[in-house]
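Structural features, examined
So you can see what is in the structure, the chains are spelled out below.
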Amino acid sequence: MISFESDYNNGTLPEILDTLRKTNDDKTSGYGFDPYTEAAKEKIRKAVGMDSADVYFLVGGTQTNTTVIDSLLLGCEGVVCVETGHIGVHEAGAVEAFGHKVITLPSTDSKLASSTLTRYMETFLADETYTHMVQPGMVYISMPTELGMVYTKDELEEIYATCKKYDLRLFIDGARLGYGLMSEACDYDLPFLARHCDVFYIGGTKVGAMFGEAVVFSGMKAPKHFFTNVKRHGALLAKGRMLGIQFDTLFTDDLYFKVSRHAMTMASGMRDVFSKHGIALAYDSPTNQQFVVLSPALCQSLSQEVAFEVWERKGENEMVCRFVTSWATKREDVEELDRILQRLVG
């Protein structure tokens, strides 16, 4: 069975496995105090164009989101995101578990518009009783979004300017950042993104690493005791060099961007296959996540030969299904999908 179920259903890049094998007998200090982690930090600083950026490596996306948010907010503060935001939908209330309300706003194509944020803040501050409410202290966005959309250069500039106007921190979830940056819809690079937020993370888990995310404080210094908070949130790896080695490898010879570009090429081919067989897109995603509308019968038949995810059920006759490419997707996988659909639909 071929699989388009997710971008983390394979192990890890062979380059990472090779480096892990070569360094397996090395003995280093733990918790990220090793030469591989230091090398990875320097390569990431170079990639974002900031020699003084604070870089930390955490074990996973949910831990990263909760740790960053909890470290930057006061106890009375909440975090603003759109209603499809990952922290409000698919993280089991992890942010709220640490005492911070997730304040959801309407989206435009799963993106937060600066005008929406402005309206919310103006309405909030106009309420004479706002000091009795949860205070908005941070804005959370995903790049790309949960539905595969890409923020444009202008949109990022406007959101960051609005955040500064209302003294809000801007945090960008980059779980699939490589795929977003390598999309043809993206009109900026990593250094631009780094300069238009306070903190973001570079996703490893979904972009070729075995596990791990790299948090980069680009618009501010890391808050006091951040390392300790990483440990408090269960996000600190004792064998920290496992993270350092992976990101050191990912940011050697532009490997991170090369594998992301490959996924985008595969996604484009898969999109062409769906179009060829008259299968409509549910969302016009320009990244590695493709959402299509299937009938229940076709969904059932296709699921016998292809792994994918049912994203949303729309009534009795339509199902939104997600197909995802990754660094590990092969051209043969896309060709096999074409042949299967030809048989089922043709």
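In what follows, the structure referred to is the one given above.
Each residue is numbered by its place in its chain's sequence as written, counting from 1. pLDDT decides what is reported in this predicted model: residues at 70 or higher carry local features, side-chain atom pairs at 80 or more are listed and counted, and totals for whole chains, interfaces and linings draw on all residues regardless. Side-chain numbers here rest on the full set of heavy atoms in the structure, without hydrogens or water.

Strands are runs of DSSP state E lasting at least 2 residues, helices are runs of H or I lasting at least 4, and numbering of each runs from the N terminus. Counting secondary structure elements, the protein chain contains 14 helices and 13 strands. Computed over the C-alpha atoms, the radius of gyration of the protein chain is 21 Å, within 12% of the 20 Å expected from 2.2 N^0.38 for a compact globule of 346 residues. Each principal axis of the C-alpha atoms in the protein chain carries an extent, and together these give about 60 × 60 × 35 Å. With 346 residues in all, the protein chain has 55% of them scored as buried. If you take every contact in the protein chain between residues at least 6 apart in sequence, the share linking residues at least 24 apart comes to 74%. Neither His nor the chain ends contribute to the count of charged residues, in which Lys and Arg are positive and Asp and Glu negative. The location of each charge is read from NZ of Lys, CZ of Arg, CG of Asp or CD of Glu. In the protein chain, which carries 34 positive and 47 negative side-chain charges, the distance between the mean positions of the two groups comes to 5 Å. Radius of gyration here uses only the C-alpha atoms, and the compact-globule reference equals 2.2 Å multiplied by the residue count raised to the power 0.38. When a residue's accessible area, from a 1.4 Å probe over protein chains only, is under 20% of the maximum for its type it is buried; when over 50% it is exposed; and in between it is partly exposed. Should any heavy atoms of two residues lie within 4.5 Å, those residues are counted as being in contact.

All axes are obtained by fitting lines to C-alpha atoms, using only the stretch in contact for helices, and the reported angles, taken between N-to-C directions, cover 0 to 180 degrees. With their axes 7 Å apart at the nearest point, helix α2 (residues 35–48) and helix α11 (residues 241–250) run at an angle of 40 degrees to one another. For the element pair α2 / α11, the angle class is oblique. Of the two possible hands of crossing, α2 and α11 adopt the one that is left-handed. Of α11, the residues touching α2 (which contributes Tyr36, Thr37, Ala39, Ala40, Lys43 and Ile44) are Arg241, Gly244, Ile245, Phe247 and Asp248. Lys, Arg, Asp and Glu make up the charged group, whereas Ala, Val, Leu, Ile, Met, Phe, Trp, Tyr, Cys and Pro make up the nonpolar group; the residues left over, Gly among them, are polar. Of the residues that constitute the contact of α2 with α11, the class distribution is six nonpolar, two polar and three charged. Roughly parallel here means an angle under 35 degrees, roughly antiparallel means over 145, roughly perpendicular means 65 to 115, and every remaining angle is called oblique. By convention, the crossing between two helices is left-handed when the near helix turns anticlockwise from the far helix through less than a right angle, and right-handed when the turn is clockwise.

This part takes up the pairing of strand β3 (residues 77–82). When you tally the buried positions in β3, you get six out of six residues, the bulk of the element. Side chains of β3 alternate between two faces, with Glu77, Val79 and Cys81 and Gly78, Val80 and Val82 buried alike. Between any two strands, pairing holds if DSSP finds at least two bridges. Sheet analysis places β3 next to strand β4 (residues 102–105), joined by four bridges and oriented parallel. Note on β4: the bridge partner recorded for Val80 is Ile103.

Further remarks concern unusual backbone geometry. The phi torsion of most residues other than glycine is negative, and most of the peptide bonds are trans. Of note, the bond from Met143 into Pro144 is cis; its omega dihedral lies within 30 degrees of zero at -5 degrees. Along the polypeptide, Pro144 turns up in the loop between β5 (135–142) and α7 (153–165). If you check the backbone angles, Tyr31 has positive phi at about 60 degrees while not being a glycine. Mapping Tyr31 onto the fold places it in the loop between α1 (14–22) and α2. Residue classification places Tyr31 among the partly exposed residues on the basis of a relative accessible area of 38%. Phi is positive for Asp167, which is not a glycine, with a value near 60 degrees.

To estimate the expected span of a helix, subtract one from its residue number and multiply by 1.5 Å. Taking 1.5 Å as the rise per residue, helix α12 (residues 255–276) with 22 residues should run 32 Å; its terminal C-alpha atoms sit 32 Å apart, in good agreement. Within α12, the full set of buried residues consists of Leu255, Tyr256, Phe257, Val259, Ser260, Ala263, Met264, Met266, Ala267, Met270, Val273 and Phe274. Within two residues after α12, Gly278 carries a phi angle of roughly 70 degrees, on the positive side.

Here seven strands make up an open sheet; going across it, the order is β2-β8-β7-β6-β5-β3-β4 and the pairing mixed. Only two strands of the sheet have a single partner each, and these edge strands are β2 (54–58) and β4. Recorded for the sheet is a direction-independent mean angle of 25 degrees between the axes of neighbouring strands. Packed on one face of the sheet, helix α6 (residues 114–126) meets β3, β4 and β5 and runs near 170 degrees to β5.

Before going further, it helps to spend a moment on the packing of aromatic side chains. Only Phe, Tyr and Trp rings take part, Trp by its six-membered ring, and two of them pair if their centres are within 6.5 Å. Stacked means planes under 30 degrees apart, edge-to-face means over 60, and tilted covers everything else. Counted according to the given criterion, the structure contains 18 aromatic pairs. Centroid distance Phe171 to Tyr201: 6.4 Å. Interplanar angle 40 degrees. Geometry classified as tilted. Of the two residues, Phe171 is situated in strand β6 (residues 169–173) and Tyr201 in strand β7 (residues 199–203); the sequence distance between them amounts to 30 residues. Put simply, the rings of Phe4, Phe274, Phe308 and Phe323 pair up and form one aromatic cluster. Counted as over-ring charges are cases with an Arg CZ or a Lys NZ within 6 Å of the ring centre that also lie within 35 degrees of the ring normal. Sitting above the plane of the Tyr56 ring, Lys41 keeps its charged end 5.9 Å from the centroid. Here the guanidinium or amino end of Lys111 rests over the ring plane of Tyr151, the centre of that ring lying 5.9 Å away.

Further remarks concern a negative patch on the surface. Together, Asp154, Glu157, Glu158 and Asp187 make up a negatively charged patch on the protein surface. Structurally, the position occupied by Glu157 is in helix α7. For Glu157, a relative accessible area of 34% gives the class partly exposed. Like charges within 9 Å and nonpolar side chains (Val, Leu, Ile, Met, Phe, Trp, Tyr) within 5 Å are joined into patches, using only residues over 30% in relative accessible area that form no salt bridge. Per-residue and other accessible areas follow the Shrake-Rupley method at a 1.4 Å probe size, with only the shown protein chains counted as cover for residues. Whenever Lys or Arg places a side-chain nitrogen within 4 Å of a carboxyl oxygen from Asp or Glu, that contact is recorded as a salt bridge.

The next subject is the sheet that holds strand β10 (residues 289–294). Read across the sheet, four strands follow the order β9-β10-β13-β12 without closing on themselves; strand pairing throughout is antiparallel. At either end of the open sheet lies a strand with only one pairing partner, and these are β9 (281–283) and β12 (309–314). The mean inter-strand angle of the sheet, taken between neighbouring strand axes irrespective of direction, is 35 degrees. The sheet contact formed by β10 and strand β13 (residues 318–324) spans six bridges and is antiparallel. What sits directly across from Val293, in β13, is Val320. Along the sheet face, helix α13 (residues 296–303) touches β10, β12 and β13 and points at about 35 degrees away from the line of β13.

Looking at the secondary structure, you find Thr12 in the loop between β1 (2–3) and α1. The term polar contact refers here to a pair of N or O atoms within 3.5 Å; inside protein, the definition further demands a hydrogen-donor-capable atom paired with an acceptor-capable atom, and it admits residues adjacent in sequence only when both atoms are side-chain atoms. In terms of polar contacts, Thr12 uses its side chain to reach the backbone carbonyl oxygen of Gly208, at 2.8 Å. Side-chain polar atoms of Thr12 contact the backbone nitrogen of Met210, separated by 3.2 Å. In contact with Thr12, not counting residues within four places along its chain, are Leu17, Gly208, Ala209, Met210, Gln246 and Trp327.

Shape descriptors only; they carry no functional weight alone.
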